[in-house]
Amino acid sequence: MPKVLISCGEPSGDLYAGALAREIRAIDPESRIYGLGGERLRESGGELLADYRGLTVTGLSEALAVVPRSYATYRRLVARARADRPDVFVAVDFPEINFRVAAAMRRLGVPVVYYIGPQVWAWRRGRLRAMRRFVDLALVIFPFEAALYRDAQIPVRFVGHPLLELTAATGAREPLLRSLGLDPQAPTVALLPGSRPNELRAILPDMAAGAAIVRDRVPRVQFVVARAPHLDDELLAPMRPLAASGAAAIVEGRADDVLAASDAVVTASGTATVQTAIHGRPMVIVYRLSSLTYHVVRAFSHVRNAGMVNLIADEQVVPELLQKALTPAAVADEVVRFLTDADLAARTRAALDRVRKRLGAVGASRRAAEHVLALVR
């Protein structure tokens, strides 16, 4: 009866942890899984010791506000590990807590697997030195990551990207748009403003204002917001004027259906860009951090682009609007280009198909589960 302690944060981490837990239990139904996560981990048979919601923020000042709760969560996980020693600890990204928990597991003699490591290829490569001290095996999801871990003398396996198996629409475009009171024949733009409250506050007002400009320039265009679960309704307030006019709708928990029904996408930088690429939808990547956080990140950055899709492609295949470049007019210009230039849209879809092929083969969660259980045995 293997006991697996899993720790993840953010909706994407919970999605990956849930898929991993499901595959572990499929291989060994007697497995016990517990840890830090959310609904996906619980639905896959995991016992939640703590919920990640409220712990995930972007920005330095925002991170300070959650330090007390983060420390309390860390202590809860370690206390449970001492009382009910796991056979393996699986950290899923989320280094803010997972580095501390992994170090504690090392002291307890618990093997540590880091599944979906921090973005050391983008910034803070010094984290690899810390990981070398407590990681028994790194399971990476981008092909270019493996060399970094090998060079740091950390055992590593490339398992592929779990979104390849987790990204699938559950319905067709026409029924979805009709159910929202929208026209299936009209140009449709998906808006993915992020999953953290501070992301929506920083991004959605400009997204919404840009959408209004697009509405003036492209006849019959309409918008669908893919809303992350558990967000306060007030965060979606910038979309109310367009929604009241019948030109926009908001859908919760169906991002894949929204993407599949779209002709172009405006998305916050992050995992959603990979999800959008798998669907083959031309996109505009947007993001805004506080000025302090942005300057710190840029000072330690090792990459030219911010969007994962562009990083995977090793070139800018879709536009990025970051910080001051994120304006309603700029958003509108890029969206209109995708909607009116068929050649540009086709070239972008071809580039995104190449990105998808670089993500490996379907079955990443199963391969990761096999590696985790092999370490236990």
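Definitions and limits used
Residues numbered from 1 in each chain as written. Predicted model: local features only at pLDDT ≥ 70, side-chain atom pairs only at ≥ 80, totals over all residues. Heavy atoms only, no water. Pairing = 2+ DSSP bridges. Helix = DSSP H or I, 4+ residues; strand = E, 2+ residues; numbered from the N terminus. Axes fitted to C-alpha atoms, helices over the stretch in contact; angles between N-to-C directions. Contact = heavy atoms within 4.5 Å. Buried < 20%, exposed > 50% of the residue type's maximum accessible area, 1.4 Å probe, protein only. Lys, Arg positive; Asp, Glu negative; His and termini not counted. Salt bridge = Lys/Arg side-chain N within 4 Å of Asp/Glu carboxyl O. Right-handed = clockwise from strand over helix to strand, strands pointing away.

Visitor: Is there a simple way to explain the sheet that holds strand S11 (residues 264-268) in this structure?
Guide: Sheet strands pair by backbone hydrogen bonding; their relative direction is either parallel or antiparallel. With parallel pairing, six strands are arranged side by side in an open sheet as S10-S9-S8-S11-S12-S13. Of all strands in the sheet, those bounded by a partner on one side alone are strand S10 (248-252) and strand S13 (320-322). On average, each strand axis in the sheet is inclined to that of its neighbour by 20°, with strand direction left out of account. Docked against the sheet, helix H16 (residues 328-340) engages strand S8 (188-192), S11, strand S12 (283-287) and S13, running at close to 165° with respect to S12.

Visitor: Honestly, the side chain of Asp-14 in this entry has me stumped. Any pointers?
Guide: One can find Asp-14 in helix H1 (residues 10-27). One buried charge, Asp-14, has no salt-bridge partner; the nearest side chain with opposite charge is Arg-40, at 5.5 Å.

Visitor: For this particular structure, what's the right way to read the environment of Thr-327?
Guide: Looking at the element boundaries, Thr-327 is found in the loop between S13 and H16. With 121 residues separating them in the primary sequence, Thr-327 and Asp-206 have C-alpha atoms 5.9 Å apart.

Visitor: I'm lost on the pattern of salt bridges in this one. Help?
Guide: Close approach of charged atoms lets side chains of opposite charge pair. Scanning the entire structure with this criterion turns up 22 salt bridges. Its salt-bridge partner being Lys-3, residue Asp-84 comes within 2.8 Å of it at the nearest N-O pair. A residue pair is termed long-range when its members are at least 10 positions apart, and Asp-84 in the loop between helix H4 (67-83) and strand S4 (88-92) and Lys-3 in strand S1 (residues 3-8) qualify at 81 residues. Considered together, Asp-84 and Lys-3 belong to a single accessibility category, that of buried residues.

Visitor: Explain the pairing of S1 to me, please; I cannot follow it from the model alone.
Guide: Remember that side chains alternate between the two faces of the sheet whenever the strand is regular. For S1, the tally of buried residues reaches six of six residues, placing the bulk of the element in the interior. Relative to strand S2 (residues 32-37), S1 runs parallel, the two sharing five bridges. Counterpart to Leu-5 in the pairing with S2 is Tyr-34. In this view, the connection linking S1 to its parallel neighbour S2 by way of H1 has right-handed handedness. As defined by bridge partners, S1 adjoins S4 across five bridges and the pair is classed as parallel. Considered in S4, the bridge of Val-4 is made with Val-88.

Visitor: Quick question: what am I supposed to make of the pairing of S4 here?
Guide: Of all five residues in S4, five are buried; the element is thus mostly enclosed. Both faces of S4 are covered, namely the face carrying Val-88, Val-90 and Val-92 and the face carrying Phe-89 and Ala-91. Here four bridges tie S4 to strand S5 (residues 112-115), and the two strands are oriented parallel to one another. What sits directly across from Ala-91, in S5, is Tyr-114.

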